[in-house]
Amino acid sequence: MKISVTVFKLYFEKTLIPKYFDMENNKTVDVLNNLLQITNDRLEGFKNVDAKMISSYPKLRDEYDHGVIASNRMRTELSALIQERGGDPNDTTTVAGGLHRTWIDVKNSLSFDKGEATLENVLFGEGAAIKAFENALESGDLCPESSKVVQDQLHELRASYRKFESLEENED
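Values in this document were obtained by computation on a predicted structure and should not be read as measured data.

A. How the structure looks around the overall build of the chain. A count of helices and strands for the chain gives six helices and zero strands. Reading the chain from its N terminus to its C terminus gives the helix and strand order α-α-α-α-α-α. Contacts in the chain between residues at least 24 apart in sequence constitute 79% of all its contacts with a sequence separation of at least 6.

This is the structure we're talking about:
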């Protein structure tokens, strides 16, 4: 009887526990890759902001620059977390993000106030990113280290949203 308990213990420690942690690790990597794609969407959105429009709104320029810098840092942090967990960072954007950027192009071509339209679009994109980061944290699929990084990034997204919201209110 003693041998079978020892065999079971070894089987449990060598087989079942690692499989459980691999499944949890895969969930973390999947969630982090989703957030990475959303961060890539954010960067693409900032790249699509019309340079002439930015030069017309100096206050927007500072927030735009800050958004690009923050997004690049967020992308680096998420990629590092994914790689630390043995995953491959997904450097693509989402289909929804691509559709949103196409809609922005159409909307901006028809808008008379490009500054207001751009701020509305940035707020929409920032709001979508905030929701995705909140959902990731609420999912329970992130390890503690990843949760901390994602929470910090969510805090930064919320601050960015408030700054762009303030700019939009001042434009009215």
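B. Here's a closer look at the packing of aromatic side chains. Counted according to the given criterion, the structure contains two aromatic pairs. Geometrically, the ring pair formed by Phe 46 and Tyr 64 is edge-to-face, given 5.9 Å between the ring centres and 85° between the ring planes. Placement of the pair is Phe 46 in helix α1 (residues 2-47) and Tyr 64 in helix α3 (residues 58-84), with a sequence separation of 18 residues. Across this residue pair, the class does not change: Phe 46 and Tyr 64 are buried. Each member of the aromatic cluster is reached from another via a ring pair, and the members are Phe 46, Tyr 64 and Phe 164.

C. Region of interest: the side chain of Thr 39. Topologically, Thr 39 is positioned in helix α1. A residue is classified by how much of its surface remains accessible, and Thr 39, at 2% relative accessible area, is buried. Discounting chain neighbours no more than four positions away, the residues touching Thr 39 are Ser 71, Met 74, Arg 75, Leu 78 and Phe 133.

D. Representation of the nonpolar core within the structure. The biggest cluster of nonpolar side chains holds 20 residues, and the ones touching the most others in it are Leu 32, Leu 35, Leu 78, Phe 133, Leu 142, Val 150 and Leu 157. Among the secondary structure elements, those contributing two or more residues to this core are α1, α3, α5 (114-139) and α6 (144-171). A total of six residues in this core trace back to one element, the largest contributor, which is α1. Ignoring sequence-local partners within four residues, the contact set of Leu 142 consists of Thr 28, Val 31, Leu 32, Ala 136, Leu 137, Ser 147 and Val 150. Core analysis: the next-biggest nonpolar cluster, separate from the first, contains nine residues, Leu 60, Leu 119, Leu 123 and Phe 164 among them.

E. Summary view of the pattern of salt bridges. Counted by the stated rule, this structure contains seven salt bridges. Close ionic contact of Glu 156 with Arg 73 constitutes a salt bridge, the shortest N to O distance being 2.1 Å. Of this pair, Glu 156 sits in helix α6 while Arg 73 sits in helix α3, placing them 83 residues apart in sequence. Note that Asp 152 is salt-bridged to Lys 148, the shortest N-O span being 2.9 Å.

F. Representation of the confidence of the model for the chain. Per-residue pLDDT for the chain has a mean of 79; in total, 69% of the residues score no lower than 70. Of all secondary-structure elements in the chain, the lowest mean pLDDT belongs to helix α2 (residues 51-56), at 62, while α6 reaches the highest, 90.

G. Spatial organisation of the side chain of Ser 160. Locating Ser 160 in the fold gives a position in helix α6. By relative accessible area, which is 5% here, Ser 160 ends up buried. Among the polar contacts made by the side chain of Ser 160, one reaches the side chain of Glu 126 at a distance of 2.6 Å. In this view, Ser 160 contacts Arg 42 and Glu 126; residues no more than four positions away in its chain are not counted.

H. Highlighting α3. The first and last C-alpha atoms of α3 sit 40 Å apart over 27 residues, in line with the 39 Å expected at 1.5 Å per residue. For α3, the full list of buried residues reads Leu 60, Glu 63, Tyr 64, Gly 67, Ala 70, Ser 71, Met 74, Leu 78, Ser 79, Leu 81 and Ile 82. Immediately downstream of α3, the backbone of Gly 86 shows phi near 80°, a positive value.

I. A look at the environment of Ala 132. Mapped onto the elements, Ala 132 comes out in helix α5. For the pair formed by Ala 132 and Leu 35, sequence separation is 97 residues and the distance between their alpha carbons is 7.2 Å. Residue contacts for Ala 132: discarding those within four places in its chain leaves Leu 35 and Ile 38.

Calculation rules
Residues numbered from 1 in each chain as written. Predicted model: local features only at pLDDT ≥ 70, side-chain atom pairs only at ≥ 80, totals over all residues. Heavy atoms only, no water. Helix = DSSP H or I, 4+ residues; strand = E, 2+ residues; numbered from the N terminus. Contact = heavy atoms within 4.5 Å. Phe/Tyr/Trp six-rings, centres within 6.5 Å; stacked < 30°, edge-to-face > 60°. Buried < 20%, exposed > 50% of the residue type's maximum accessible area, 1.4 Å probe, protein only. Core = buried A, V, L, I, M, F, W, Y, C linked by side-chain atoms within 4.5 Å. Salt bridge = Lys/Arg side-chain N within 4 Å of Asp/Glu carboxyl O. pLDDT = per-residue confidence, 0-100. Polar contact = N/O pair within 3.5 Å; in protein donor to acceptor, adjacent residues only side chain to side chain. Expected span 1.5 Å × (residues − 1).

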